Amino acid sequence: MGEMIQTQRLTYTYPGSPAGDPVLNRIDLTVEKGSFVAILGHNGSGKSTLAKQFNAVLLPTDGKVYVDRIDTVDEGRLFDIRQRVGMVFQNPDNQIVATIVEEDVAFAPENLNLPREETAARVEYALRTVDMWEYREHQAHQLSGGQKQRVAIAGIIAMKPRCIVLDEPTAMLDPVGRRETLAAVMRLNREEGITVIMITHYMNEAVEADRVIVMDRGRIAMDGPPRAVFARAGELERLGLEAPQPAALIHRLRRRFPQLPADVLTEAEAVEALSALLAEVGR
Amino acid sequence: MNVTLGQYFPGHSLTHRTDPRVKLVLEVLFIAELFMVKRYAGFLLMGALLALVVHNSKIPLWALWRGLRRLLLILAFTSLLNLFYTDGRELFTIWRLTATWEGLHAALFTILRISMLIVGTSLLTFTTSPIMLTDALERLLAPLKKLRVPVGELAMMMTIALRFIPVLSEETAKIMSAQKARGADFESGSVFQRARALIPILVPLFVSAFRRADELAVAMECRCYDSAMPRSRLKEMRMKRADYLILTGMLLLIPAILMGTNRLWI
Ligand SMILES: Nc1ncnc2c1ncn2[C@@H]1O[C@H](COP(=O)(O)OP(=O)(O)OP(=O)(O)O)[C@@H](O)[C@H]1O
Ligand SMILES: [Mg+2]
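Residues numbered from 1 in each chain as written. Chains lettered and ligands numbered in written order. Predicted model: local features only at pLDDT ≥ 70, side-chain atom pairs only at ≥ 80, totals over all residues. Heavy atoms only, no water.

**Let's talk about the overall build of chain A**
As a reminder of what qualifies: Each helix corresponds to a stretch of at least 4 residues labelled H or I by DSSP, and each strand to a stretch of at least 2 residues labelled E; elements are numbered beginning at the N terminus. Computation of the radius of gyration draws on C-alpha atoms, with the globule rule given as 2.2 Å multiplied by the number of residues to the power 0.38. Burial status follows relative accessibility: with a 1.4 Å probe on protein chains alone, a residue under 20% of its type maximum counts as buried, one over 50% as exposed, and anything between as partly exposed. In what follows, a contact means two residues having at least one pair of non-hydrogen atoms within 4.5 Å. Each accessible area value is a Shrake-Rupley result obtained with a 1.4 Å probe; residue values ignore everything except the protein chains displayed when judging cover. In this tally, Asp and Glu contribute negative charge and Lys and Arg positive charge; neither His nor the terminal groups of the chain are included. By convention, charge coordinates are those of NZ in Lys, CZ in Arg, CG in Asp, or CD in Glu.
In terms of helices and strands, chain A carries twelve helices and ten strands. In terms of overall dimensions, chain A is globule-like: its C-alpha atoms have a radius of gyration of 21 Å, near the 19 Å expected for 283 residues. Taken over the C-alpha atoms alone, chain A extends approximately 70 × 50 × 35 Å along its principal axes. A buried classification covers 53% of the 283 residues belonging to chain A. Considering only contacts in chain A between residues 6 or more positions apart, those separated by 24 or more positions represent 64%. Surface summary for chain A: the accessible area is close to 12500 Å², and the carbon and sulfur share equals 47%. Put simply, chain A has 33 plus and 40 minus side-chain charges, and the middle of one group is 5 Å from the middle of the other.

**Brief notes about the overall build of chain B**
A count of helical and extended segments in chain B gives eleven helices and two strands. Secondary structure elements of chain B, listed N to C terminal, follow the sequence α-α-α-α-α-β-β-α-α-α-α-α-α. Its C-alpha atoms give chain B a radius of gyration of 23 Å, clearly above 18 Å, the size a compact globule of 266 residues would have. Residue pairs at least 24 apart in sequence account for 72% of intrachain contacts in chain B once pairs closer than 6 positions are excluded. Approximately 15800 Å² of chain B is accessible, and the part contributed by carbon and sulfur atoms is 69%.

**Observations regarding the site of ligand 1**
Residues and elements named next belong to chain A. Filter applied, for reference: If even one non-hydrogen atom of a residue comes within 4 Å of a molecule or strand, that residue is called near it. Nitrogen and oxygen atoms within 3.5 Å of one another constitute a polar contact, given that in protein one can donate a hydrogen and the other can accept it, and given that sequence-neighbouring residues count only through two side-chain atoms. When residue character is reported, Ala, Val, Leu, Ile, Met, Phe, Trp, Tyr, Cys and Pro are called nonpolar, Asp, Glu, Lys and Arg charged, and the others, Gly included, polar.
Around ligand 1, the surrounding shell consists of Tyr14, Val23, His42, Asn43, Gly44, Ser45, Gly46, Lys47, Ser48, Thr49, Glu168 and His201. At 3.4 Å from a nitrogen atom of ligand 1 is found a side-chain nitrogen or oxygen belonging to Tyr14. Considering ligand 1 on its own, with 640 Å² of exposed area, one finds that the protein chains cover 56% of that surface. Its residues assigned to classes, the shell around ligand 1 shows two nonpolar, eight polar and two charged.

**Details of the interface of chain B and chain A**
Test applied: Note on terms: buried area is the combined drop in 1.4 Å-probe accessible area of two parts once they are placed together, counting the loss on both. Salt bridges are defined as contacts in which a side-chain nitrogen from Lys or Arg sits within 4 Å of a carboxyl oxygen from Asp or Glu.
The interface of chain B with chain A comprises 36 residues on the first partner and 39 residues on the second. Here chain B packs against chain A, burying approximately 3400 Å² in sum over the two surfaces, 55% of which is carbon and sulfur. Three residues stand out in chain B for area buried against chain A, namely Arg163, Arg223 and Leu234 of chain B, and they jointly supply 26% of the buried area on that side. Note that Asp104 of chain A is salt-bridged to Arg223 of chain B, the shortest N-O span being 3.4 Å. At the junction of chain B and chain A, the tally comes to 18 residue pairs in polar contact (both at pLDDT 80 or more). Elements with a contribution of two residues or more to the side of chain B that touches chain A: helix H7 (130–140), helix H8 (151–181) and helix H10 (199–222) of chain B. The class makeup of the residues in the side of chain B that touches chain A is 21 nonpolar, five polar and ten charged.

**Let's talk about the domain arrangement of chain A**
Interface size is often expressed as the accessible area that is lost when the parts come together. All names here are of chain A. In plain terms, the rule: Domain delimitation follows an automatic or database domain assignment.
Domain parsing of chain A yields domain 1 (3–231) and domain 2 (244–283). Between the C-alpha centres of domain 1 and domain 2 the distance comes to 35 Å. Across the boundary between the two partners, domain 1 contributes six residues, which contact six residues of domain 2. Together, the buried faces of domain 1 and domain 2 total about 620 Å²; carbon and sulfur atoms form 68% of this surface. Between Arg227 and Glu269 there is a salt bridge, and its shortest N-O distance comes to 3.0 Å. Top contributing element to the side of domain 1 that touches domain 2 by residue count: helix H9 (residues 226–231), with four residues. Of the residues that constitute the side of domain 1 that touches domain 2, the class distribution is five nonpolar, no polar and one charged.

**Quick word on the environment of Ala154 of chain A**
Within the element layout of this structure, Ala154 of chain A appears in helix H6 (residues 145–157). The contact partners of Ala154 of chain A, leaving out residues within four places of it in the chain, are Val105, Ala126, Leu127 and Val130 of chain A.

**Focus: the side chain of Asp71 of chain A**
All names here are of chain A. Relative to the helices and strands, Asp71 resides in strand S5 (residues 70–71). For Asp71, a relative accessible area of 18% translates into the label buried. Polar side-chain contacts of Asp71 include one of 2.8 Å to the side chain of Lys64. Beyond its immediate stretch of four places on either side in the chain, Asp71 contacts Lys64, Val65, Tyr66 and Ile81.

**Details of the environment of Ser79 of chain B**
Residue and element names in this part refer to chain B. Note that Ser79 resides in helix H5 (residues 72–85). Taking relative accessible area as the criterion, Ser79 reaches 10% and is therefore assigned buried. Distance in space between the C-alpha atoms of Ser79 and Thr110 is 6.9 Å, their sequence separation being 31 residues. Ignoring any residue separated from it by four or fewer positions in sequence, one finds Ser79 in contact with Ala107 and Ile111.

**Here we look at the pattern of salt bridges**
Residue and element names in this part refer to chain A. For the coordinates displayed, the defined rule picks out 29 salt bridges over all chains. For the salt bridge of Arg116 with Glu117, the shortest nitrogen-to-oxygen distance reads 3.7 Å. Residue Arg116 is classed as partly exposed on the basis of its relative accessible area, which comes to 34%. Each of the salt bridges in this network shares a partner with another, and the network as a whole consists of Lys33, Asp68, Arg84 and Arg162.

**A look at the packing of aromatic side chains**
Rules: Two rings from Phe, Tyr or Trp (for Trp, the six-membered ring) form a pair when their centres are within 6.5 Å of each other. A pair whose planes differ by under 30 degrees is stacked, one over 60 is edge-to-face, and the rest are tilted. Two conditions define a charge located above a ring, namely a distance within 6 Å from the ring centre to NZ of Lys or CZ of Arg, and an angle within 35 degrees of the ring normal.
As enumerated under the stated definition, the model contains eight aromatic pairs over all chains in all. Seen from their ring centres, Phe9 of chain B and Trp62 of chain B are 6.1 Å apart, and the 70 degrees between their planes marks the pair as edge-to-face. Here Trp62 of chain B lies in helix H4 (residues 61–69) and Phe9 of chain B lies in the segment before helix H1 (14–17), a separation of 53 residues in the sequence. Taking the relative accessible area as the measure of exposure, Trp62 of chain B reaches 48% and is therefore partly exposed. Taking 6.3 Å as the distance between ring centres and 90 degrees as the angle between the ring planes, the aromatic pair formed by Phe84 of chain B and Phe92 of chain B counts as edge-to-face. Note on Phe84 of chain B: relative accessible area 17%, which makes it buried. In this structure an aromatic cluster arises from ring pairing among Phe9, Trp62 and Phe126 of chain B. Between the NZ or CZ atom of Arg136 of chain A and the centre of the ring of Trp133 of chain A, over which it lies, the distance is 4.1 Å. In this arrangement the basic side chain of Arg163 of chain B is found over the ring face of Phe164 of chain B, its NZ or CZ atom lying 4.8 Å from the centre.

So this is what it looks like as structure tokens:
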């Protein structure tokens, strides 16, 4: 498949901030093309700073970041980098530039100076992918939070990126908006083959990823498939995180019933493990 | 809070589809004419023209009324001033104030001018999306680029301003009710006291506006925006035959109304 993003001893300190531990501390990370990576970590662990390195919004103070083999410090290829790796932020209101939905989605293709037919085709493709095509003539500020965030995602997809980085895209949304947005993101990954890197505080969203990375004070503390990462509940707790509810429940019960499996992830698996336990105890 | 400024009612009527540059030029001509018409017959014809456009655009009347309603007080006040403070033949006298025939006409003219001005400009923003409007302005002002006026950047600023008017007015309302819940009082006291009561609203509003601007700038960069680079457009602006017809028709009709009616006695 090849690597989408690769960092080598990536180190970053915000300009003007006091010397001390850098915000990102010698990070080595490779994200494969087509994968879905979730990034977790407590407040201030450096997740957003890391994300901004992936499309050259920030440049490393030390070390390297490669996007599709392009070094992000290469100024001549800035547009190539930005167009390959799209970025979606927490607050949809602050990402939507134009009043009308379709005009906003057209913003990036217009910036790339694409011909009108191509721009129109991409707007339609992007809005259909996030299921917002019927709203193309609506005013963005009258939409619900989840709809606005999907418009913001469409605005990125219209660049035809190979990778999308989302920084807590669901943090400001209600449960319905959160579900809609997550569904759209998963569709991008599974149907469109776009590499997804999603920062989130919601464990049930991270469960959907192929790979979970936990950040701690500018370093990568844990890295692996969700099942493996969430099985290490004690370690997660020390990093200020909690495993998804079913995993946390089984983990606690395991103190009394060590025969329970260690790698339970979903509700269905928890139910299965518990009924097996009941059957055994009842005997 | 109801914001009509920059509001857009999507549609596909002839008024909606007319080239925004044509609309903008005709709007300016229309406003200039409003201030030069001196006869009721002129206002009647201009009003008929406006009614025709309203009918064609299918803009709901309540939306136009909402724009007018806010100016009702000012209109009433200036009409009263006109009525009593214009010299001329006496109409009637209350106490020591004498209303004159000339004053009555001046008052009616003011009401007609201002309300037709509001309806005319509302029609433009109601039937033209903000992007098209700023695009049209950018193209009409393009010659100024030679004088190093940053026309493209100004148009982008206007687009963003129009986009954020509803966002910020919603936010203002939210902050105001939050401060009211803490006992803030915006309605009583001297002008000075009331102005001071606004500080706890303005400070958080500005802080949030700056944060938004910061985030928006990063988001725009992420979408490959660079003011120095040429940009294409989703909606191409090309004058069609209908646009030329409307433009020439109106360029003849509007001055004709003015010259024809100003000679009449009414
Ligand atoms: N613009 C900035 N200038 C200086 N320091 C900053 C800046 N932005 C963030 N920091 C600092 O860098 C560290 C990491 O911040 P970052 O925003 O990357 O964390 P995060 O993991 O995204 O946190 P959160 O979960 O709150 O979003 C924090 O200590 C923060 O105070
Ligand atoms: Mg963050």
